[in-house]
Amino acid sequence: MDENIAMFTLSYILMCSCLVFRTVFTSFLSVENLCSAILGDEMDNFVMYHIKRTCCTLFIHSSLLLVYRLGVSWIANYPLVDDGLTIFNIIGILGIVMQTSACIIIYYWWSHNWKTHPISQNLMALGENESHYLNLGWHLNIDIRSPRKEVFRCSSLVDVVVTEKWIVKVSPYSLDLAQQQDAILTVVTTDTHAMAATGTGIAQFLNIKVNCTPHRENYTFYIRINVLDFKDLQEILRKRVIIPRNVTFYRSIADQFLDVFKEHVNQNPYYLPVEEIEPCVGCYTNPANVKLVKNCFDDVNDPCGNCNCKPMWCVSCMGQWFYSRQDEGHPESWLSSKCTCPLCRSVFCILDISLLDDVPNGNQGFHFVNRLD
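Let me begin by describing the structure that accompanies this report. (Residues numbered from 1 in each chain as written. Predicted model: local features only at pLDDT ≥ 70, side-chain atom pairs only at ≥ 80, totals over all residues. Heavy atoms only, no water.)

Along the chain, the regular secondary structure elements total 11 helices and 11 strands. Counting across all 373 residues of the chain, residues that qualify as buried make up 44%. A separation threshold of at least 6 residues defines the contact pool for the chain, and within that pool the share at least 24 residues apart is 59%. Total accessible area on the chain stands at roughly 20700 Å², and carbon and sulfur atoms take up 57% of it. (Helix = DSSP H or I, 4+ residues; strand = E, 2+ residues; numbered from the N terminus. Buried < 20%, exposed > 50% of the residue type's maximum accessible area, 1.4 Å probe, protein only. Contact = heavy atoms within 4.5 Å. Areas by Shrake-Rupley, 256 points an atom, 1.4 Å probe, with all protein chains shown as cover.)

Quick look at the structure:
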């Protein structure tokens, strides 16, 4: 392959990635920005704005192969039509077919006054009859202007807008719609991902099924949100989200940190208690099962101290205390930060928190396993 063609191909792939997958740094290449003169203001007519947006998206995305083929001819002086069934001839033919098909589909939608557009079809599915969808669209346009709404970024391609009356999933080629009064939301699954290959932070997402039971037919779609947005979602919904017993997830960033905190404490040396073990003074539910013991190496600038307090805290309460003393704006530094003992105020780090080893019989009857489950 010619060097000019190779360089153009790599550059074009990068540009197409920025165009298709929206990011904060490449927003100037988004369909909304490129076609702003055609689309107008989203708040003026929400439904019509997204009908035009999906048409522009379909037209631009379908033209990418054809533009690439023309670009190869212009950049590398490659003939528009090559002899034989070459890769560039195939790309050119596919590009023409895709562009022509997109134009026919858009014309078909327009010629029927947009009634056949997927967004209009979704509105029709929610109405009592086909003519009712215009009234629903008008109500959606009004409700979307309300200041009380939440917008959740599900991915680089999908957003979810929740108002007091509507749930709207905004995707590149359509809108999935549900009226809150007819919608039943159920958490189906959760998935957890490491935020960095070597980091301890995690991101958890909820996959929620939105089942609508309107007048005409059953209508279902799925949304995916970060677990940290779940509280905001519940606050604006009229109905509570159904959470099956077999689905568990973190309700807050504190819950996430507490799990990671316990994992790290579980790796520290154990402490064999000689004191009488009492219930945790934080919760009075669990027995005290941690002791602050200096296990780390001294930091010249901020050394850890020696705590002489007897075991008085369970690992959960100690984790909550440690979390409460951290800078909420910098979660990446929490595990490497330091804290002070709740009682004597001696400085300690996470390496200085030791679980109690097996407690001899007679100490209030408490017994601790060697590892946290």
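Positive phi values are uncommon outside glycine, yet Asn-113 reaches one of about 60°. For Asn-113, a relative accessible area of 57% corresponds to the exposed category. Even without glycine at this site, Tyr-284 takes up a positive phi of about 55°. Looking at the secondary structure, you find Tyr-284 in the loop between helix H10 (253–265) and strand S8 (290–292). By relative accessible area, Tyr-284 is classed as exposed at 61%.

Sheet topology places strand S1 (residues 149–153) next to strand S2 (residues 159–163); five bridges connect them, and they run antiparallel. When the bridges of S2 are listed, Glu-150 appears paired with Val-162. Taking the residues between adjacent antiparallel strands as the criterion, S1 and S2 are bridged by five residues. (Pairing = 2+ DSSP bridges.)

On to the pattern of salt bridges, then. Summed over all chains, the structure comprises four salt bridges. For the salt bridge of Glu-164 with Arg-148, the shortest nitrogen-to-oxygen distance reads 3.2 Å. Of the two residues, Glu-164 is situated in the loop between S2 and strand S3 (166–171) and Arg-148 in the loop between helix H8 (133–143) and S1; the sequence distance between them amounts to 16 residues. You can call Arg-148 partly exposed: its relative accessible area is 40%. Among the ionic pairs, Lys-310 bridges to Glu-278, the shortest N-O distance being 3.3 Å. Of this pair, Lys-310 sits in the loop between S8 and helix H11 (315–324) while Glu-278 is found in the loop between H10 and S8, placing the two residues 32 residues apart along the sequence. The exposure class assigned to Lys-310 is partly exposed, which follows from its relative accessible area of 35%. (Salt bridge = Lys/Arg side-chain N within 4 Å of Asp/Glu carboxyl O.)

Spatially, S1-S2-S3-S4 is the arrangement adopted by the four strands of the open sheet, whose pairing is antiparallel. Looking at strand neighbours, the two that pair on one side only are S1 and strand S4 (174–179), the edges of this open sheet. On average, each strand axis in the sheet is inclined to that of its neighbour by 15°, with strand direction left out of account. Here S3 pairs with S4 via six bridges, running antiparallel. The partner of Trp-166 across the bridge, within S4, is Gln-179. Packing against the sheet, helix H7 (residues 118–126) makes contact with S3 and S4, and its axis sits at approximately 15° to S4. The strands that H8 touches are S2, S3 and S4; relative to S3, the one it contacts most, it runs at about 90°. (Axes fitted to C-alpha atoms, helices over the stretch in contact; angles between N-to-C directions.)

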